[in-house]
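Topology and contacts: notes
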Amino acid sequence: MGRIIAVANHKGGVGKTATAVNLAAVLAAEGATAAVVDLDPQGSATSWLGLDADGGEVLEALSDGVPLPVRDTGIDRLQVVPGGTALAAAERRLAGEIGAEHLLAEALGRTRGTWDWVFLDCPPSLGLLAVNALVAADAVLVPVEAHHLGLRGLVDSRRAVEAVQRRLNPQLEIAGVLPCRAHCRRTLHREVLEALEASFPGRVGPPIRENVSLAEAPAYGQPVTLYAPRSNGSADYRAAARWLRERLGG
Ligand SMILES: Nc1ncnc2c1ncn2[C@@H]1O[C@H](COP(=O)(O)OP(=O)(O)OP(=O)(O)O)[C@@H](O)[C@H]1O
Ligand SMILES: [Mg+2]
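Counting from 1, residues in each chain are numbered in the order their sequence is written. Whichever chain is written first is A, and whichever ligand is written first is 1; the rest continue in order. Where local features are concerned, this predicted model is filtered to residues with pLDDT of at least 70; where side-chain atom pairs are given and counted, the filter is 80 or more; whole-chain, interface and lining totals use all residues.

This part takes up the overall build of the protein. Under the DSSP-based scheme used, a helix requires at least four consecutive residues in state H or I and a strand at least two consecutive residues in state E, with every element numbered from the N terminus. Scanning the protein from terminus to terminus reveals 12 helices and 7 strands. C-alpha atoms define the radius of gyration in this analysis, and the globule rule sets the expected value at 2.2 Å times the number of residues to the power 0.38. Taken over the C-alpha trace, the protein has a radius of gyration of 17 Å; the compact-globule value for 250 residues is 18 Å, and the two agree within 12%. Over its C-alpha atoms, taken along the principal directions, the protein stretches across nearly 50 × 40 × 30 Å. Looking at the protein as a whole, 50% of its 250 residues qualify as buried. Contacts in the protein between residues at least 24 apart in sequence constitute 77% of all its contacts with a sequence separation of at least 6. To sort residues by exposure, count the other C-beta atoms lying within 10 Å of each residue's C-beta; 20 or more gives buried, 12 or fewer gives exposed, and values between give partly exposed, all with C-beta atoms placed from the backbone. Residues are treated as contacting if the C-beta atoms built from their backbones sit within 7 Å of each other.

Given below as structure tokens:
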């Protein structure tokens, strides 16, 4: 398996799913093979890619030692491990297992797939599923909402990442932070980018602008690059994919 990237921030609605889905779609369109693993009971990545699932099979794969379910999306080279509401029971079902934080890494290990890129779309929490993602990943990408309130929660996300690095996955790399939903003309924008750069020197990705096509695309079950190829959303996620490739290689 190629690069496994956890897309994580415990804050809700910052652009995690948009980032996982659209980076995977851009990389697949450019010829790589990619998968999105939906770890969120909301199932947003699954429905954004035009599928529907209850998440039960993922839960089973984590708890019963079977491979993860892998579905085609109808988009060349892009597959999804579909999540859904059943994942809401993950904490209760899995927390008692010995080494519960390693269940996803194990499940990925027994899942067939030769992807160049795997994106783990985390739920908005620092719970067991998000920790499993950080343990299974080579790198973590943190989308942040590009305004000052968006920066606040970053401290907690960073702390969680560092705890996982210390205790569970010393190999975990911080790929970087990706400013999302950015309003580039506001003065605040600059200050926020400077603050991010100060906290994560050399690891701040190109901003993803607030863009209506990115808000609309999920309802059509398509990545923004298919729904609106010429939109700012498409251009921004193409630039972000280029940045990620340069950061991580591949
Ligand atoms: N740059 C953007 N411009 C406009 N809308 C966006 C942008 N990025 C994401 N959105 C929209 O905002 C909503 C929240 O984004 P998204 O689902 O990616 O966030 P999230 O962090 O995954 O949320 P959650 O924490 O609930 O999982 C979605 O409806 C999405 O379509
Ligand atoms: Mg999400």
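With that settled, consider the sheet that holds strand E5 (residues 117-121). Two strands qualify as a pair provided that DSSP identifies no fewer than 2 bridges between them. Taken in spatial order, the 7 strands make up an open sheet running E3-E4-E2-E5-E1-E6-E7, and their pairing is mixed. Among the strands making up the open sheet, the edge pair consists of strand E3 (71-72) and strand E7 (173-180). Relative to strand E4 (residues 78-81), E3 is paired through 2 bridges, and the arrangement is antiparallel. In the strand pairing of E4, Asp72 is matched with Gln79.

To continue, consider the site of ligand 1. Not every one of the 19 residues close to ligand 1 is listed here, only the nearest: Gly12, Lys16, Thr17, Ala18 and Pro124. The greatest single-element share of the shell around ligand 1, amounting to 3 residues, is contributed by helix H1 (residues 16-29). For this classification, the nonpolar set comprises Ala, Val, Leu, Ile, Met, Phe, Trp, Tyr, Cys and Pro, the charged set comprises Asp, Glu, Lys and Arg, and every other residue, Gly included, is treated as polar. Residue composition of the shell around ligand 1, grouped by class: 8 nonpolar, 7 polar and 4 charged. Throughout this description, a residue near a molecule or strand is one whose C-beta atom, derived from the backbone, lies within 6 Å of it.

Another point: unusual backbone geometry. Despite not being glycine, Arg77 shows a phi value in the positive range, around 65°. Along the chain, the position of Arg77 falls in the loop between E3 and E4. Look at Arg77 and you get buried, because 20 C-beta atoms sit within 10 Å.

Its place among the elements puts Val14 in the loop between strand E1 (3-7) and H1. Note: C-alpha distance between Val14 and Val144 (130 residues apart in sequence) is 5.8 Å. Once residues within four sequence positions are removed from consideration, Val14 is found in contact with Asn9, Pro143, Val144, Glu145, Gly150 and Cys180.

What follows deals with the environment of Ala235. With respect to the helices and strands, Ala235 occurs in helix H12 (residues 232-248). It is 9.9 Å that separates the C-alpha atoms of Ala235 and Val26, two residues lying 209 residues apart in sequence.

Most of E5 is tucked away: 5 of the 5 residues are buried. Taking every second residue as pointing to the same face, both faces of E5 are buried, with Trp117, Phe119 and Asp121 on one and Val118 and Leu120 on the other. Bridge analysis of strand E2 (residues 34-38) against E5 gives 5 bridges, and the strand direction is parallel. By the bridge assignment, Ala34 is partnered in E5 with Trp117.

Counting 80 residues, the largest nonpolar core has Ile5, Ala24, Leu120, Ala133 and Leu134 as its most contacted members. With near-sequence residues (within four places) excluded, Ile5 lies in contact with Trp117, Val118, Phe119, Leu120, Ala137, Asp138, Ala139, Leu141 and Ala175. A set of buried residues qualifies as a nonpolar core if it consists of Ala, Val, Leu, Ile, Met, Phe, Trp, Tyr and Cys joined through C-beta atoms within 7 Å.

A word on H1. Given a rise of 1.5 Å per residue, 14 residues ought to cover 20 Å, and the 20 Å separating the end C-alpha atoms of H1 matches this to within 8%. Of all 14 residues in H1, 14 are buried, a share of seventy percent or more. A positive phi of about 110° marks Gly31, the residue just after H1. For a helix, the expected span equals 1.5 Å multiplied by the number of residues minus one.

Bringing helix H8 (residues 154-167) into the picture now. The terminal C-alpha atoms of H8 lie 20 Å apart, and with 14 residues this matches the ideal 20 Å at 1.5 Å per residue to within 8%. Residues of H8 that are buried: Leu154, Ser157, Val161 and Val164. Each buried residue of H8 sits inside an arc of 90° when the element is viewed along its axis, so together they form one side. Among the exposed residues of H8, those pointing more than 90 degrees away from its buried face are Val155, Arg159, Glu162, Arg166 and Arg167. On its buried face, H8 sits against helix H6 (128-136), strand E6 (139-145), helix H7 (148-152) and E7. The directions considered for the arc run from the helix axis to the C-beta atoms.

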